[in-house]
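So you can see what is in the structure, the chains are spelled out below.
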Amino acid sequence: MYTKPKVYIADLRHVSCGLIANSCMPLGISYMKAVMDRDLPEVESRIFAYPDHLLGAMKSDSPDVLMLTNYVWNERLARHFTIVAKRLQKSTLVIAGGPNIPVNTKEETEFFDNWKDLDVYAVGEGDFLAMEIVSRFLDVNKSISRLVNCGIPSSLCRSGDDIVRQPLLKKEFELEKIPSPWLNGVQDHFFDGKLIPMIETNRGCPFRCTFCVQGTDYYSRVAHFEEDQVKEELTYIARRLLKVCPQMGALMVADPNFGMYKRDVDISVHIGTLQKKYNWPTFIDCSTGKNAPELVIKVLENTNGALSMLHAVQSVDENVLKSIKRSNIKLDTYKTVTEYLSANGIHTSSQTILGLPKETLQTHLTGLASLVDQGIKSLQNFQLMLLKGSEMESQDSRNEFKFKTKFRLSPRCFGTYDGEAIFDIEEIVVSTESLSFDDYICARKYHLAYMVFWSQGWFDDLFSFAQNVGIKNVACVEAVMKEM
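Bear in mind that the values here come from a model prediction, so they are computed numbers and not experimental data. (Residues numbered from 1 in each chain as written. Predicted model: local features only at pLDDT ≥ 70, side-chain atom pairs only at ≥ 80, totals over all residues. Heavy atoms only, no water.)

Visitor: Outline the overall build of the protein, supporting the account with residue identities and numerical values.
Guide: Check the secondary structure of the protein and you find 16 helices and 19 strands. Computed over C-alpha atoms, the radius of gyration of the protein comes to 24 Å, within 12% of the 23 Å expected from 2.2 N^0.38 for 484 residues, which places it in the range of a compact globule. The C-alpha extent of the protein, read off along each of the three principal axes, is 85 × 55 × 40 Å. Total accessible area computed for the protein in this model is approximately 21600 Å², and 52% of it derives from carbon and sulfur atoms. Considering the protein, the positive charge centre built from 54 side chains and the negative charge centre built from 61 side chains are found 1 Å apart. (Helix = DSSP H or I, 4+ residues; strand = E, 2+ residues; numbered from the N terminus. Rg over C-alpha atoms; globule rule 2.2 N^0.38 Å. Areas by Shrake-Rupley, 256 points an atom, 1.4 Å probe, with all protein chains shown as cover. Lys, Arg positive; Asp, Glu negative; His and termini not counted. Charge placed at Lys NZ, Arg CZ, Asp CG, Glu CD.)

Next up, the structure:
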């Protein structure tokens, strides 16, 4: 009896003690399945988010091809399932893909070489590449050696003792060629009340921030999904949530700069309509645009308090911003926007990163103080993470800025799978040429004070009283620091 070739595509997230490390629906692999369902109907493809579900499927019916995403929060989990796949069935073609791989050729090769049970690493966007690799694998009668010998585009693979790197495929900018994984039902079984729906309205980022993977050349050009399709997807999600899990009020927008384009205003109007009809979304998680504040304000007003202004300044020091190839909204403009939003009851938040090149303890604290005194209601303070795939993570940047790093467990990114404990970690900069480790510790204490006493809103009355008698917000925080 003929059985269809089986392809399992997994965007795994750790699940431990009932906690899910990444609570978004797996959008990227859903695009891959949608393309594969249309263009390779002879293949049976399945997508997975939960490790236990994938493990159960592999044990009952091993796939011909296993595809795994690779991000900073699930690399070791993906490596574990690579080993499991080869243990269960040696002939399974195992592929990983995702941005969590160094950009430098030498380091990229070493990264792949150290992933011993991996057959192929797909580089770049996988919407059509996944289908192309599977198609070629079937053409050579599911022979891994013949597939490698014939060449795999946009990938790294092993040929004997050598690592072969094929050039990137041309990036797809006509996003309408990708079928909607919402409208064709690919995402339906992820409506479980635990995972948050996530949409893309565009891809790419025009900014060049060196700490971000999307700051590289590959992502510099922005492409948009059709606006009508985005609206249809949002309507589909709202209706399905109402039917199967009405308690889910959140929406994630994956765009790096939502609200920066005029069409975003129209999309936000549609979201406002859905809120009135379906009472969804009540909360929108996204990164708002880094310029065009007048458009961002309109988007915020149209979404009725579900979306807050997130301005991730990272630093307010011009030398620091120059060193990371970043520009911000001018602080006086940002102050005007913040005052307007606060007066209209719209929540404002900001983010900084500790450990950026050229940043000193003093410039960092000065930046925090300026944001708080402008009335930013929520202040998030991150530490510089060296992300594989970003310019900042390269050896050249490490040497130039004299980074010293330590490793820590990624939040919630641990679990026990098939009896083996797996931990995913992240690399954090703890000192630079301009910031000592003692300075780093001091800054983290300030972060704790701002997080507890300012960002939670528990002490708003006291801060308001202090302001009314002429005491600045930052002076209150300094007093708290002394007491600590």
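Visitor: Can you tell me about the sheet that holds strand E16 (residues 348-354), naming the residues and giving the values?
Guide: The sheet built from 3 strands is open, its strands ordered E15-E16-E17 with parallel pairing. The open sheet terminates on both sides in strands that have one partner only, identified here as strand E15 (309-314) and strand E17 (378-383). On average, adjacent strands in this sheet sit at an angle of 20° to one another, irrespective of strand direction. In the sheet, E16 pairs with E17 via 6 bridges, with the strands oriented parallel. Looking across to E17, one finds that serine 350 is bridged to leucine 379. Across the sheet, helix H12 (residues 361-373) lies against E15, E16 and E17, angled at about 180° from E16, the strand it touches most. Packing of helix H14 (residues 437-455) onto the sheet brings it into contact with E16 and E17, and relative to E17 it is tilted by some 155°. (Pairing = 2+ DSSP bridges. Axes fitted to C-alpha atoms, helices over the stretch in contact; angles between N-to-C directions. Contact = heavy atoms within 4.5 Å.)

Visitor: Residues and numbers for the sheet that holds strand E14 (residues 283-285), please.
Guide: The sheet built from 3 strands is open, its strands ordered E10-E13-E14 with parallel pairing. Edge positions in the open sheet fall to strand E10 (198-199) and E14, since each of these has one partner strand only. Of the pairings in the sheet, the one linking E10 to strand E13 (residues 250-253) comprises 2 bridges and is parallel in character. Opposite methionine 198, over in E13, you have methionine 252 as the bridge partner.

Visitor: Run through helix H4 (residues 105-113), naming residues and quoting values.
Guide: Listing the buried residues of H4 in full gives Glu107, Glu108, Phe111 and Phe112. Buried residues of H4 fall within an arc of 135° about the axis and therefore sit on the same side. Among the exposed residues of H4, those pointing more than 90 degrees away from its buried face are Thr105 and Lys106. Structurally, H4 contributes buried residues whose contacts are with helix H3 (75-88), strand E7 (120-122), strand E8 (155-159), strand E9 (162-165) and helix H13 (395-401). Capping the start of H4 is the job of one residue whose side-chain oxygen sits 2.9 Å from the backbone nitrogen of lysine 106: asparagine 104. (Buried < 20%, exposed > 50% of the residue type's maximum accessible area, 1.4 Å probe, protein only. Arc of directions from axis to C-beta. Polar contact = N/O pair within 3.5 Å; in protein donor to acceptor, adjacent residues only side chain to side chain.)

Visitor: Could you give me a rundown of a negative patch on the surface, with the residues and numbers involved?
Guide: Taken together, the side chains of Glu176, Glu226, Asp228 and Glu232 present a region of like negative charge at the surface. Tracing the backbone shows glutamate 226 in the loop between strand E12 (223-224) and helix H7 (227-244). (Patch = residues over 30% accessible without salt bridge, like charges linked within 9 Å, V, L, I, M, F, W, Y side chains within 5 Å. Salt bridge = Lys/Arg side-chain N within 4 Å of Asp/Glu carboxyl O.)

Visitor: Pulling in residues and values, what's your account of the environment of leucine 310?
Guide: Checked against the element boundaries, leucine 310 lands in strand E15. By relative accessible area, leucine 310 is classed as buried at 13%. C-alpha of leucine 310 to C-alpha of cysteine 286: the two residues are 24 residues apart in sequence and 8.0 Å apart in space. Not counting chain neighbours up to four residues away, the residues in contact with leucine 310 comprise Cys286, Ser287, Thr288, Ser349, Ser350, Gln351 and Gln380.

Visitor: Would you mind going over the layout of surface pockets in detail, with residue names and values included?
Guide: Size it by volume and the second largest pocket reaches roughly 460 Å³. The greatest single-element share of the lining of the second largest pocket, amounting to 4 residues, is contributed by strand E19 (residues 420-431). Counted by class, the lining of the second largest pocket contains 7 nonpolar, 4 polar and 11 charged residues. (1 Å grid on protein atoms, 1.4 Å probe; cavity = no way out; pocket = protein on both sides within 12 Å on 5 of 7 lines; lining within 4 Å. Points joined across faces, edges and corners; volume = space filled by probe spheres on them. Nonpolar A, V, L, I, M, F, W, Y, C, P; charged D, E, K, R; others polar.)

Visitor: Could you give me a rundown of the pairing of E15, with the residues and numbers involved?
Guide: In terms of burial, E15 is largely enclosed, as 6 of its 6 residues are buried. Because side chains alternate across E15, one face comprises the buried residues Met309, His311 and Val313, and the other comprises Leu310, Ala312 and Gln314, equally buried. Across 4 bridges, E15 lies against E16 in parallel orientation. Residue pairing for E16: glutamine 314 is matched across the bridge by threonine 352.

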